[in-house]
Amino acid sequence: MVELRDSGCDSASPDIVSVNTAISAIGRSQRKDSVRKAYFILKNMETIYGVKPDATSYNLVINAYAKSRDLQGGQKADNLLKEMEFQFRNGNRGVMPNSFSYSTVIDAMSNDIRGGKLAEELLDRMHGLHQSHGGAMPDTVVYNSIMNLYAIQGDKDSIKRIQSILRFMEESLAQGNLNLKPNIISYNTLLKAFAYARDDFTQDAKTLLDRLSATNDDSNLKCVSPDAISYTTVISCYARSDVQWKAKIAQQILNEMVDSYRSGKSRNKPTVFTFNAVLNACAYTFNPKEKVDAFMVIVSTLVLLQEFTKPDHTTYGTLLKAWCNLIPKDDDRRNRIVRSVFRQCCKDGQVGNMVMQQLKYAASPELYRTLIGKDITQEIKISNLPTKWSRNVKERQGKLPRIS
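Model, not experiment: these values are computed from the prediction. (Residues numbered from 1 in each chain as written. Predicted model: local features only at pLDDT ≥ 70, side-chain atom pairs only at ≥ 80, totals over all residues. Heavy atoms only, no water.)

1. As for the overall build of the protein chain
When its secondary structure is counted, the protein chain shows 19 helices and 0 strands. Projecting the C-alpha coordinates of the protein chain onto the three principal axes gives extents of approximately 80 × 55 × 40 Å. Looking at the protein chain residue by residue over its 404 residues, the buried ones come to 47%. Counted over contacts in the protein chain with a minimum sequence separation of 6, partners at least 24 positions apart contribute 66%. (Helix = DSSP H or I, 4+ residues; strand = E, 2+ residues; numbered from the N terminus. Buried < 20%, exposed > 50% of the residue type's maximum accessible area, 1.4 Å probe, protein only. Contact = heavy atoms within 4.5 Å.)

2. Regarding the pattern of salt bridges
One pass over the full model with this rule turns up 13 salt bridges. Two residues, E120 and R161, come together in a salt bridge whose shortest N-O distance is 2.6 Å. A residue pair is termed long-range when its members are at least 10 positions apart, and E120 in helix 7 (residues 115-133) and R161 in helix 9 (residues 156-174) qualify at 41 residues. Counted as one network, the salt bridges with shared partners bring together D78, K82, E85 and R125. (Salt bridge = Lys/Arg side-chain N within 4 Å of Asp/Glu carboxyl O.)

3. Considerations on the packing of helix 18 (residues 353-362) against helix 19 (residues 365-372)
Axes are the key here: two packed helices are described by the angle between their axes and the distance separating the axes. It is the contact of helix 18 with helix 19, at a shortest axis distance of 8 Å, that shows an interaxial angle of 145°. Every residue of helix 19 that contacts helix 18 at M356, L359 and K360 is listed here: Y368, L371 and I372. Its residues placed into classes, the contact of helix 18 with helix 19 shows 5 nonpolar, no polar and 1 charged. (Axes fitted to C-alpha atoms, helices over the stretch in contact; angles between N-to-C directions. Nonpolar A, V, L, I, M, F, W, Y, C, P; charged D, E, K, R; others polar.)

4. Some details on the packing of helix 15 (residues 291-308) against helix 16 (residues 313-326)
Where helix 15 meets helix 16, the closest approach of the two axes is 10 Å, and the angle between their N-to-C directions is 155°. Considering the angle they form, helix 15 stands roughly antiparallel to helix 16. In terms of crossing hand, the pair formed by helix 15 and helix 16 is left-handed. Contacts between helix 15 and helix 16 involve K291, A294, F295, I298, L302 and L305 on the former and, on the latter, T315, L319, A322, W323, N325 and L326. Classifying every residue of the contact of helix 15 with helix 16 gives 9 nonpolar, 2 polar and 1 charged. (Parallel < 35°, antiparallel > 145°, perpendicular 65-115°, else oblique. Left-handed = near helix turned anticlockwise from the far one by under 90°.)

5. Quick notes on the environment of L80
Within the secondary structure, L80 sits in helix 5 (residues 73-89). Given the relative accessible area of 1%, L80 is considered buried. Taking the C-alpha atoms as reference points, L80 and G134, separated by 54 residues in sequence, lie 20 Å from one another. When near neighbours in sequence (up to four residues on either side) are disregarded, L80 contacts Y39, L42, Y58, V61, I62 and Y65.

6. Things to note about the packing of aromatic side chains
A complete count under the given rule lists 8 aromatic pairs for this structure. Ring geometry for F275 versus F308: centroids 6.3 Å apart, planes at 35°, classification tilted. Here the residue F275 occupies a position in helix 14 (residues 272-283), and F308 occupies one in helix 15, the gap between them amounting to 33 residues. Relative to W323, the ring of F295 lies with its centre 4.9 Å away and its plane at 55°, an arrangement referred to as tilted. With F295 in helix 15 and W323 in helix 16, the pair connects residues that are 28 residues apart, well separated along the chain. Residue classification places W323 among the buried positions, given a relative accessible area of 5%. (Phe/Tyr/Trp six-rings, centres within 6.5 Å; stacked < 30°, edge-to-face > 60°.)

7. Considerations on the side chain of D227
Positionally, D227 belongs in the loop between helix 11 (202-213) and helix 12 (228-240). For D227, which is buried and forms no salt bridge, the nearest opposite charge comes from R267, at a distance of 4.3 Å. A distance of 3.1 Å separates polar atoms of two side chains, one belonging to D227 and the other to N188. Among the polar contacts listed, one links the side chain of D227 to the backbone nitrogen of I229, at a separation of 3.1 Å. Not counting the four nearest positions on each side in its chain, D227 is found in contact with I184, N188, R267 and N268. (Lys, Arg positive; Asp, Glu negative; His and termini not counted. Polar contact = N/O pair within 3.5 Å; in protein donor to acceptor, adjacent residues only side chain to side chain.)

8. Describing the environment of N335
Position of N335 relative to the elements: it lies in helix 17 (residues 332-348). For N335, a relative accessible area of 24% corresponds to the partly exposed category. Measuring from C-alpha to C-alpha, the distance between N335 and E366 comes to 9.7 Å, with 31 residues separating the pair along the chain. Excluding residues that lie within four positions of it along the chain, N335 makes contacts with A362, A363, S364 and L367.

9. Some words on the state of the cysteines
Taken as a whole and assessed by the stated rule, the structure comprises 0 disulfides. With no disulfide of its own, C237 lies 16 Å from the sulfur of C282, the closest cysteine sulfur. Accessibility expressed as a relative area gives 4% for C237, which makes it buried. No disulfide involves C324; its sulfur sits 15 Å from the nearest other cysteine sulfur, which is in C282. (Disulfide = S-S within 2.5 Å.)

Shape is all these values report; function is a separate question.
If you want it as structure tokens, here you go:
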């Protein structure tokens, strides 16, 4: 298009839409230099293509930085946001930063230990730009991003700050400010903070879930009801806790979720993550008085799982861990169950690193040699096993994704 324009064909000149489309494609390409190229186009748009960048142009590159593995991505994204603010103050209304601009920069700061403080500073800047020059007002999306940044900190002060923000949003809604209406992402972010916390907030999580489930009794929660993430996160809280009979409680929450789904709430359909969380509660049941119940919870959970989804590598790895904990080494049932689980895992193509690690703990040396063909003391790589055993494994690699 540039060559045609330079040859005199004005109708072929790139416009802002086509240039932004190019930036978007390059930014999403995941190539090593994709963000650098997207940034180059942004900074040279007017010179090369004869068009001025708009808010979308900046937002696309900011988003590329946020999703990159660049440790300085947050700072670089914020530098672009500051450029947008500067130009907007000087009369360029086309680059007015919006809630996407601010929330994406906040997300990009997730690896910075000063993340919470920086996010609050961004919020102040957004308020200031709105008051002084009529910029965009902070909304639910921005506040959700700030809460998400605090949620991954794992300390009491961060949880208190999230609760404070959520109360402010609820109070603003009560006063008629629909711009700050909390949504299910807002409440799931608090649940996520409870799950990530180094202290036990299990009961707080259950209380919030019960509150969400009784929306008709709370004016602040009208049109907000728990979804699959809500239920799964609370079950995870129990799995990580020392609460007595947590396996049975996890099963009860799962049953509530299933009943809700069957009553017509499609967002509450249990996922493989839900079932894995219940199995995890069983795997970490150490009280001898609770182990029989945990065993029975596993059996019923596996039956229910088949109705809604398929097991993944985490399912099988957690099962092996559970049997290792719940069945004594000298019990003949242990080797029989471990053999059955592993063979089904191979059949499903779900033998991942977690499965191999837990197999060493769960199987006897003799059984391990029978299943793998190697001594239990030997190091085994997944690449050394039959390819079909791991054909369906999708293990996380690199940067962990958000849980919201």
